[in-house]
Amino acid sequence: MAEDPKDWDVATKLIRGGIARSQFMETAEALYLTQGFTYDSAEGADRRFAGDEPGFVYSRFNNPTVKMFEDRLALLEGAEVCRAQATGMASIHSALMGLVKAGDHVVAGRALFGSCRWIVAEWLPRFGVETTFVDATDLAAWEAAMRPNTKAVLIETPSNPVLEITDIRAVSAMAHAVGAKVIVDNVFATPIFQQPLALGADVVVYSATKHIDGQGRVLGGAILTSEAINEEFYRDSLRHTGPAMSPFNAWVMLKGLETLDLRVRRQADTAAALADVMAEHKKVQTVLYPFRKDHPGYEVATKQMTGGGTVIALDLGSREAAFRFLNALEIVDISNNLGDAKSMATHPPTTTHRSVPEEERPLLGVTEGGVRLSVGLESLADLTRDVTRALDQA
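How each quantity is defined
Residues numbered from 1 in each chain as written. Predicted model: local features only at pLDDT ≥ 70, side-chain atom pairs only at ≥ 80, totals over all residues. Heavy atoms only, no water. Patch = residues over 30% accessible without salt bridge, like charges linked within 9 Å, V, L, I, M, F, W, Y side chains within 5 Å. Areas by Shrake-Rupley, 256 points an atom, 1.4 Å probe, with all protein chains shown as cover. Salt bridge = Lys/Arg side-chain N within 4 Å of Asp/Glu carboxyl O. Helix = DSSP H or I, 4+ residues; strand = E, 2+ residues; numbered from the N terminus. Buried < 20%, exposed > 50% of the residue type's maximum accessible area, 1.4 Å probe, protein only. Polar contact = N/O pair within 3.5 Å; in protein donor to acceptor, adjacent residues only side chain to side chain. Contact = heavy atoms within 4.5 Å. Disulfide = S-S within 2.5 Å. 1 Å grid on protein atoms, 1.4 Å probe; cavity = no way out; pocket = protein on both sides within 12 Å on 5 of 7 lines; lining within 4 Å. Points joined across faces, edges and corners; volume = space filled by probe spheres on them. Nonpolar A, V, L, I, M, F, W, Y, C, P; charged D, E, K, R; others polar. Pairing = 2+ DSSP bridges. Axes fitted to C-alpha atoms, helices over the stretch in contact; angles between N-to-C directions. Right-handed = clockwise from strand over helix to strand, strands pointing away.

Colleague: Teacher, can you tell me more about a nonpolar patch on the surface here?
Modeller: Taken together, the side chains of Leu 31, Leu 33 and Phe 248 make up a nonpolar region of the molecular surface, amounting to roughly 290 Å² of accessible area. Assignment of secondary structure puts Phe 248 in helix H11 (residues 247–258). For Phe 248, a relative accessible area of 39% puts it in the partly exposed group.

Colleague: Would you take a moment to explain the environment of Glu 143 for this structure?
Modeller: Structurally, the position occupied by Glu 143 is in helix H6 (residues 139–145). With a relative accessible area of 54%, Glu 143 lands in the exposed category. Taking the C-alpha atoms as reference points, Glu 143 and Val 171, separated by 28 residues in sequence, lie 7.7 Å from one another.

Colleague: Mind showing me how you'd approach the side chain of Thr 310 here?
Modeller: Relative to the helices and strands, Thr 310 resides in the loop between helix H13 (298–304) and strand S9 (311–315). There is a polar contact of 2.8 Å between the side chain of Thr 310 and the side chain of His 211. Contacts of Thr 310, omitting those with residues within four sequence positions, involve His 211, Val 264, Gln 267, Ala 268, Ala 271, Leu 373, Ser 374 and Val 375.

Colleague: How should I be thinking about the state of the cysteines in this particular structure?
Modeller: Any covalent bond linking the sulfur atoms of two cysteines counts as a disulfide. Enumeration according to the criterion identifies zero disulfides in this entry. The thiol sulfur of Cys 82 is not disulfide-bonded, and the nearest other cysteine sulfur, from Cys 116, lies at 17 Å. When its relative accessible area of 6% is taken as the criterion, Cys 82 is described as buried. For Cys 116, a relative accessible area of 2% gives the class buried.

Colleague: What is the right way to look at the layout of surface pockets in this model?
Modeller: A water-sized probe, rolled over the atoms, reveals where empty space remains. Of the pockets and cavities examined, the largest pocket occupies roughly 1000 Å³. What lines the largest pocket is a set of 32 residues, and nearest its centre among them are Asn 62, Lys 67, Glu 70, Arg 83 and Asn 230. Elements supplying a minimum of two residues to the lining of the largest pocket: helix H2 (42–50), helix H3 (64–77), strand S1 (81–85) and helix H10 (227–241). The residue makeup of the lining of the largest pocket, split by class, is twelve nonpolar, seven polar and 13 charged. Computed from the structure, the second largest pocket encloses a volume of approximately 370 Å³. What lines the second largest pocket is a set of 23 residues, and nearest its centre among them are Met 89, Phe 113, Asn 160, Ser 207 and Lys 210.

Colleague: I would appreciate a short explanation of the sheet that holds strand S7 (residues 221–225) in the present structure.
Modeller: By definition, the strands of a sheet pair up through backbone hydrogen bonds, in either a parallel or an antiparallel sense. The strand order S1-S7-S6-S5-S4-S2-S3 describes an open sheet built from seven strands, whose pairing is mixed. Looking at strand neighbours, the two that pair on one side only are S1 and strand S3 (130–134), the edges of this open sheet. The sheet shows a mean angle of 20° between the axes of neighbouring strands, taken without regard to direction. Pairing of strand S4 (residues 150–156) with strand S5 (residues 181–185), which is carried by five bridges, proceeds in the parallel orientation. Opposite Glu 156, over in S5, you have Asp 185 as the bridge partner. Helix-sheet contacts for H3 involve S1, strand S6 (203–207) and S7, and the interaxial angle to S1 is about 130°. Contacting S1, S5, S6 and S7, H10 runs over the sheet at an angle of about 25° to S1.

Colleague: Hey, could you run me through the pairing of strand S2 (residues 105–109) in this one?
Modeller: Side-chain direction in a regular strand flips from residue to residue, so the side chains alternate between the two faces of the sheet. Across the five residues that make up S2, a large majority, five, are buried. Side-chain alternation along S2 places His 105, Val 107 and Gly 109 on one buried face and Val 106 and Ala 108 on a second face that is also buried. Here S2 pairs with S3 via five bridges, running parallel. Directly across from Gly 109, in S3, lies its bridge partner Val 134. In this fold, the crossover linking S2 to S3 by way of helix H5 (residues 114–123) has right-handed handedness.

Following this line, the structure appears as structure tokens:
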């Protein structure tokens, strides 16, 4: 009897999951750069469009290379369905819009990535959807925000950029009590360190641009959920609105998945050590890393995550100090991306969270002296020297 891929270890899933070889039995996954497909007969086309026989009909709906990526990521996540998207923001947008209609209500953690916050605060209300933001660490606030018409709950944990931790299991129970679906943006934790579906979430979203590619090459996103939720809320909307991932990007993502486990574990080890180094520096006011015991969400983080992730948040007290630090870095790049093999640092108020109204930023923990550091694959010794030298000049 053939072994069930669900029983494989993570490393094997990332290498072997979803492979569908052509008649040529290629070693690497095949790249199907095609818009459409042909049929043996008109009757065959009829059957395929009706769903009576398996096969592909148009790459906006699905594609063999994209399907391999979807199947591999679903296997890793423990999801029944993965729907690959053109970008991470396409995933967030599609995941929310698929669940709601005019008159519905959405609850979200206050500390969100700037574009995610814009969708909840500005975009959804244009279509008659009510929205409420809460302190993502306050379970009483989550419970108080739930209404009979709440249909979707959006959690980002750890959050961007200050790594707030939300108890996924507790919030999911509250949401389900009023009939709402829970979406978790799992980008910072990665599927290696956190499994939101196993904690009670209904939908998981990724910007695959980050750790899944992890090497600065292409954009992509993913929505992972159950067969039932996909069928009721996403199948038709994704088919007709067209936020599809390109086959080329899916092929690159497949290659990224092969090394995901190795990369993020090494990055997280370095990040944990670097956070300890920075916490001792006199120029640093605060350092936030989920697996440091002084992190406010440490207990929840260690309960639902198996690693602290690859990102560190620090506060240097002022914009001027943050800029001096960033400008003094020699190895670490100034960039608004994260999850890359290259270490990157950014000043959220002027980059990733620039769209958040200035008066609201303190509520998100976005301070003028804040820096988000995404730790890459460089050596710990070199990064320590670079960061320490830059802090000395901050």
